[in-house]
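# Chain and residue survey
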Amino acid sequence: MIKDLTIGSPVKVILRFSIPMMIGNLFQQFYNIADSMIVGRYLGSDALAAVGSSYAVTTFITSIILGLCMGVSVAFSQFFGGKLWTNLKKSIIFSFIMIGGISLLISILSLLFTKQIMIFTNIPLDIQNMTQTYLTTIFYGIPFVFLYNWSANLQRALGNSKAPLIFLIISVIANIIFDIILVVPFQMGIFGAAFATIISQLFSATLSMVYCIKKIRFLTFQKEDFKIDNYIVNITISYSILTSIQQSIMNFGILMVQGLVNSFGTVAIAAFTSASKIDSFAYMPVQDFGNAFATYVAQNKGAKQYKRIIDGMKVSFLFVVIFCAVISSIVYLFAPQLIQLFVTDQEVIQLGVECLHVVCCFYCLIGFLFLFYGIYRGIGNVFMSIVLTVISLGTRVVLAYLMAYWIGLEGVWWSIPIGWFLADCTGILYFLFRQRNKMRLPG
């Protein structure tokens, strides 16, 4: 159940811990691609556009919950690394109650204001009915999203990244099977695709929570662990809320860009959806690597082993350079074939390829950005992660709207890597001139 990341070779520790997370989310992205392929092939481009525009909305809403869970996992990791068992138990109890309540409230509000959400994101009239059906169905599954992500982040904070992988794989397989059954033979349309997602979320949430209850018995919970502790409340709220803000800002920026693309019509939405699916699949491993690195940093921060943090950083940046160089080459060379996995419309394919050819050349930049997120979140400087997110997404949104006005959709594509670059420059400069001195790290 647990794994101490404060001992052993940093290279081996980081890779062994991060690989299950990368594999897990590759499976998740594989499902997203399979889902889009099934919808696009069997229900048409309009249905694919509805799912694509819904994806940005649901990603933004669930990012609030994901951010809360990711943030509190930093507290879990630091307490675990420092062997502060009482603090760990209290933070587990308080975070479950707090994030669970917030998740339920988000689910209710999302269901109440679905139409307003569609208006805000410029959903075209010809796909509004399908989009509303998809969104309202997905919103019912928000509590399951909380249960899985909270329990999975707890397991990862304690050094166990393999169990969440297993549960995620089971969920993805179930999702694809139900997707095919409900969409093709049962002909349940867009509702069937959404309902399949709900079923798979229930599977992963149940399995993960049961595993936590059975395997976390090394911590014996006492009556006093349920008492309010101001220190635990403050640190839990601080880490979770700030990380949630960071994730929300990031996905709100993406939502704003999606809204801009939506204004260009269904063809643009389908092209952007296809390209975005490929982008997410391509750089998801380095995003997971950054999340894994945050846990590594947090445990070593709790144990006050700062040199191991620097050693881990050197290895991690090298990994990102090599991995992204390979992935960028593959995506650039095979962009037409990749877009054709989703659609057969030649106009959509051409536009999707144009988007990929711009963005994929700069995957290394977002890989670095994910590492900076992990570094600052792991050492407890979550505010700096927010700053980097504001720079990255703020620049992207502003440039996207300005350049779209001047040169059309190509301006939207170029705004993405420019935002990554500016955030990376800020991240490295802040670390070299401020964070290193705060932590008394060697050169």
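Note that the coordinates shown come from a computational prediction; the quantities given were computed from them, not determined experimentally.

### Digging into the overall build of the protein
In terms of helices and strands, the protein carries 16 helices and 0 strands. In summary, the protein has a C-alpha radius of gyration of 21 Å against a globular reference of 22 Å for 443 residues, a match within 12%. Taking the principal axes of its C-alpha atoms as reference, the protein extends roughly 55 × 45 × 35 Å. Taking all 443 residues of the protein together, 58% fall into the buried category. Once local pairs closer than 6 in sequence are excluded, the contacts in the protein between residues at least 24 apart make up 83%. Summed over all atoms, the accessible surface of the protein reaches about 17,900 Å², with 69% contributed by carbon and sulfur. The centroid of the 27 positive side-chain charges in the protein is displaced by 19 Å from the centroid of its 16 negative side-chain charges.

### A short note on the side chain of D424
Structurally, D424 is set in helix α16 (residues 409–439). R396 is the oppositely charged side chain nearest to the buried, salt-bridge-free D424, at an N-O distance of 11 Å. In this structure, D424 is in contact with L365, F368, L369 and F372, ignoring residues within four places of it in sequence.

### Some thoughts on the environment of I379
Along the chain, I379 turns up in the loop between α14 (363–378) and α15 (382–407). When the C-alpha atoms of I379 and S238 are compared, they prove to be 13 Å apart, with 141 residues separating the residues in sequence.

### Details of the state of the cysteines
The tally for this structure, following the rule as stated, stands at 0 disulfides. Free of any disulfide, C355 has its nearest cysteine sulfur in C360, 9.4 Å distant. Accessibility expressed as a relative area gives 2% for C355, which makes it buried. We note that C360 lacks a disulfide partner, and the nearest cysteine sulfur, in C361, lies 4.4 Å from it.

### Looking at the packing of aromatic side chains
Counting across every chain of the model gives 19 aromatic pairs. With a centroid separation of 5.4 Å and 50° between ring planes, the pair formed by F96 and F146 is classed as tilted. Of the two residues, F96 sits in helix α3 (residues 85–112) while F146 sits in helix α6 (residues 142–157), which places them 50 residues apart along the sequence. An angle of 70° between the planes, with centres 5.8 Å apart, marks the rings of Y283 and Y363 as edge-to-face. Of this pair, Y283 sits in helix α10 (residues 266–302) while Y363 is found in helix α14, placing the two residues 80 residues apart along the sequence. For Y283, a relative accessible area of 16% corresponds to the buried category. Given the relative accessible area of 1%, Y363 is considered buried.

### Section: the environment of K301
If you trace the backbone, K301 turns up in helix α10. Expressed as a C-alpha distance, the spacing of K301 and L260, which sit 41 residues apart in the sequence, is 41 Å. When residues no more than four places from it in sequence are discounted, the contact partners of K301 are Q78, Y306, I309, G378 and I379.

### Observations concerning the layout of surface pockets
The space that makes up the largest pocket amounts to roughly 290 Å³. Contributing elements (two or more residues each) for the lining of the largest pocket: α3, α6 and α8 (189–215).

### Here we look at the packing of α10 against α14
Angle between the axes and distance between the axes: these two values describe a pair of packed helices. At their nearest, the axes of α10 and α14 sit 7 Å apart, and the two run at 25° to each other. Between α10 and α14, the angle falls in the class roughly parallel. Pair α10 / α14 crosses with right-handed handedness. The class makeup of the residues in the contact of α10 with α14 is 13 nonpolar, 6 polar and 3 charged.

### Quick look at a nonpolar patch on the surface
Side chains of L318, V321, I322, V326, I330, Y332, L333 and F334 sit close together on the surface and give an oily, nonpolar patch of about 760 Å² of accessible area. On the secondary structure map, L318 appears in helix α11 (residues 306–333).

### Side note on the nonpolar core
If you look at the biggest cluster of nonpolar residues, it comprises 71 residues, and the most contacted ones within it are Y363 and V412. By residue number, the principal contributor to this core is α10, which donates 14 residues. Apart from the residues within four sequence positions on either side, V412 is in contact with V257, L260, V261, A400 and A404. A56, L88, F94 and V382 belong to the second largest nonpolar core, which has 44 residues in total.

### Overview of the packing of α6 against helix α7 (residues 162–183)
The contact between α6 and α7 brings their axes to 8 Å, and the two run at 150°. Considering the angle they form, α6 stands roughly antiparallel to α7. Along the contact surface, α6 presents Y148, A152, Q155 and R156, while α7 presents A163, P164, F167 and L168. Class assignment for the residues of the contact of α6 with α7 results in 6 nonpolar, 1 polar and 1 charged.

### Focus on empty space enclosed by the protein
For the structure shown, the criterion picks out 2 cavities of 30 Å³ or more. Approximately 40 Å³ is the volume attributed to the second largest cavity. Taken together, the elements giving at least two residues each to the lining of the second largest cavity come down to α10 and α14. By residue number, the principal contributor to the lining of the second largest cavity is α14, which donates 3 residues. Taken together, the residues of the lining of the second largest cavity sort by class into 3 nonpolar, 3 polar and 1 charged.

Reading guide: rules and limits
- Residues numbered from 1 in each chain as written.
- Predicted model: local features only at pLDDT ≥ 70, side-chain atom pairs only at ≥ 80, totals over all residues.
- Heavy atoms only, no water.
- Helix = DSSP H or I, 4+ residues; strand = E, 2+ residues; numbered from the N terminus.
- Rg over C-alpha atoms; globule rule 2.2 N^0.38 Å.
- Buried < 20%, exposed > 50% of the residue type's maximum accessible area, 1.4 Å probe, protein only.
- Contact = heavy atoms within 4.5 Å.
- Areas by Shrake-Rupley, 256 points an atom, 1.4 Å probe, with all protein chains shown as cover.
- Lys, Arg positive; Asp, Glu negative; His and termini not counted.
- Charge placed at Lys NZ, Arg CZ, Asp CG, Glu CD.
- Salt bridge = Lys/Arg side-chain N within 4 Å of Asp/Glu carboxyl O.
- Disulfide = S-S within 2.5 Å.
- Phe/Tyr/Trp six-rings, centres within 6.5 Å; stacked < 30°, edge-to-face > 60°.
- 1 Å grid on protein atoms, 1.4 Å probe; cavity = no way out; pocket = protein on both sides within 12 Å on 5 of 7 lines; lining within 4 Å.
- Points joined across faces, edges and corners; volume = space filled by probe spheres on them.
- Axes fitted to C-alpha atoms, helices over the stretch in contact; angles between N-to-C directions.
- Parallel < 35°, antiparallel > 145°, perpendicular 65-115°, else oblique.
- Left-handed = near helix turned anticlockwise from the far one by under 90°.
- Nonpolar A, V, L, I, M, F, W, Y, C, P; charged D, E, K, R; others polar.
- Patch = residues over 30% accessible without salt bridge, like charges linked within 9 Å, V, L, I, M, F, W, Y side chains within 5 Å.
- Core = buried A, V, L, I, M, F, W, Y, C linked by side-chain atoms within 4.5 Å.

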